[in-house]
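What follows is the residue order along each chain.
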Amino acid sequence: MENNIWTGHKVRLRAILPTDWDKFHNNDSDSDCARLCDVINFPRSEEGTKAWAEHEASRGPDGDKIMLAVETLDGVLVGSISSNNCDTRNGTFTYGVAIFREFWRNGYASEAVKILLRYYFEELRYQKVTAHVYAFNQGSLELHERLGFVQEGKLRNMVFTNGQHYDEYLYGLTKSEYSRMKI
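Each value, and the rule that gives it
- Residues numbered from 1 in each chain as written.
- Predicted model: local features only at pLDDT ≥ 70, side-chain atom pairs only at ≥ 80, totals over all residues.
- Heavy atoms only, no water.
- Pairing = 2+ DSSP bridges.
- Helix = DSSP H or I, 4+ residues; strand = E, 2+ residues; numbered from the N terminus.
- Buried < 20%, exposed > 50% of the residue type's maximum accessible area, 1.4 Å probe, protein only.
- Polar contact = N/O pair within 3.5 Å; in protein donor to acceptor, adjacent residues only side chain to side chain.
- Axes fitted to C-alpha atoms, helices over the stretch in contact; angles between N-to-C directions.
- Contact = heavy atoms within 4.5 Å.
- Arc of directions from axis to C-beta.
- Salt bridge = Lys/Arg side-chain N within 4 Å of Asp/Glu carboxyl O.
- Core = buried A, V, L, I, M, F, W, Y, C linked by side-chain atoms within 4.5 Å.

## What about the pairing of strand E3 (residues 77–87)?
Okay, so step 1: Summarising the sheet, strand E2 (residues 66–72) and E3 pair through 6 bridges and their orientation is antiparallel. Counterpart to Glu71 in the pairing with E3 is Leu77.
Okay, so step 2: The loop that links E2 with its antiparallel partner E3 comprises 4 residues; one of these, Gly75, has a positive phi angle of about 90°.
Okay, so step 3: As defined by bridge partners, E3 adjoins strand E4 (residues 92–99) across 7 bridges and the pair is classed as antiparallel. Each residue of the ladder has a partner; that of Ser83, found in E4, is Tyr95.
Okay, so step 4: Remark: 4 residues form the turn of the hairpin made by E3 and E4, two consecutive strands paired antiparallel; Gly91 in that turn has positive phi of roughly 75°.

Written out as structure tokens, the structure reads:
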């Protein structure tokens, strides 16, 4: 592993580059992946995705909120991770991770989450992270339980997709629980 907080054994987190647009554009056409992460959006043109990537590349963080690319150590873009709802007063934040389908089940999401948590807990003094996971996203449910997150609640019928309503689970991890996690 490099001597860089943003690098793990399999992946590194980096800024989104304008040249990343095509990988994100291809991923946007995978409706099942979009549904697992958030929502299925209206189709976007290649020019629209290029403009989005340009914007993300030039934007940088908004306070402690950021969106980063996840790439393998040999430079292959495999997804993204973002922090949200960063509350410095209470020391809490949420995050989302999305790995492109062809790279599922390689440990990339797990390591990307650990890298992000390391930065927020060890550098920014946050004390708790929360993840919102859709009940139908079995991979994400398993990921969070494997990482040691605790299911703290269930919001009934919160997500409508594929013709029906689904529950949303809230998973939390405190800094002390994170300290027991193997990185």
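## A word on the side chain of Asn137
Okay, so step 1: Following the sequence through the fold, Asn137 ends up in the loop between strand E5 (128–134) and helix H5 (138–147).
Okay, so step 2: A relative accessible area of 12% means that Asn137 is categorised as buried.
Okay, so step 3: Of note is the side chain of Asn137, whose polar atom sits 3.1 Å from the backbone oxygen of Leu36.

## Regarding the sheet that holds E5
Okay, so step 1: Spatially, the 7 strands line up as an open sheet ordered E1-E2-E3-E4-E5-E7-E6, and their pairing is mixed. On the outer flanks of this sheet lie strand E1 (11–14) and strand E6 (150–161), each paired with one strand and no other. The sheet shows a mean angle of 30° between the axes of neighbouring strands, direction not considered.

## Some thoughts on the environment of Phe103
Okay, so step 1: Looking at the element boundaries, Phe103 is found in the loop between E4 and helix H4 (108–122).
Okay, so step 2: Residue Phe103 is classed as buried on the basis of its relative accessible area, which comes to 18%.
Okay, so step 3: With 28 residues separating them in the primary sequence, Phe103 and Gly75 have C-alpha atoms 13 Å apart.
Okay, so step 4: When residues no more than four places from it in sequence are discounted, the contact partners of Phe103 are Val76, Leu77, Val78 and Tyr108.

## So, the pairing of E6
Okay, so step 1: Sheet topology note: the E6/strand E7 (residues 164–174) ladder contains 8 bridges and is antiparallel. Its bridge partner being in E7, Val159 is matched across the sheet by Tyr166.
Okay, so step 2: Between the antiparallel neighbours E6 and E7 lie 2 residues, among them Asn162 with a positive phi of about 55°.

## Details of H5
Okay, so step 1: Among the residues of H5, those classed as buried are Ser140, Leu141, Leu143, His144 and Leu147. All buried residues of H5 fall inside an arc of 160° around its axis, so they share one side.
Okay, so step 2: Where the residues of H5 are buried, they touch E4, H4, E5 and E7.
Okay, so step 3: Backbone geometry just downstream of H5 places Gly148 in the positive-phi region, at approximately 100°.

## Focus on the pattern of salt bridges
Okay, so step 1: Under the definition given, this model contains 12 salt bridges.
Okay, so step 2: Among the salt bridges present, the one from Arg105 reaches Glu142, with a minimum N-O distance of 3.7 Å. Taken together, the residues span a long stretch of sequence, with Arg105 in the loop between E4 and H4 and Glu142 in helix H5 at a distance of 37 residues.
Okay, so step 3: For Glu142, a relative accessible area of 31% translates into the label partly exposed.
Okay, so step 4: Glu152 serves as the salt-bridge partner of Lys128, at 2.9 Å between the closest nitrogen and oxygen.

## What about the nonpolar core?
Okay, so step 1: The biggest cluster of nonpolar side chains holds 41 residues, and the ones touching the most others in it are Ile81, Phe93, Tyr95, Leu117 and Phe149.
Okay, so step 2: At 9 residues, the largest contribution of residues to this core is made by H4.
Okay, so step 3: Residues within four places of Tyr95 in sequence aside, it is in contact with Ile81, Ser82, Ser83, Asn84, Val113, Leu116, Val129, Thr130, Ala131, His144 and Phe149.

None of the figures reported here should be taken as evidence of function without further support.
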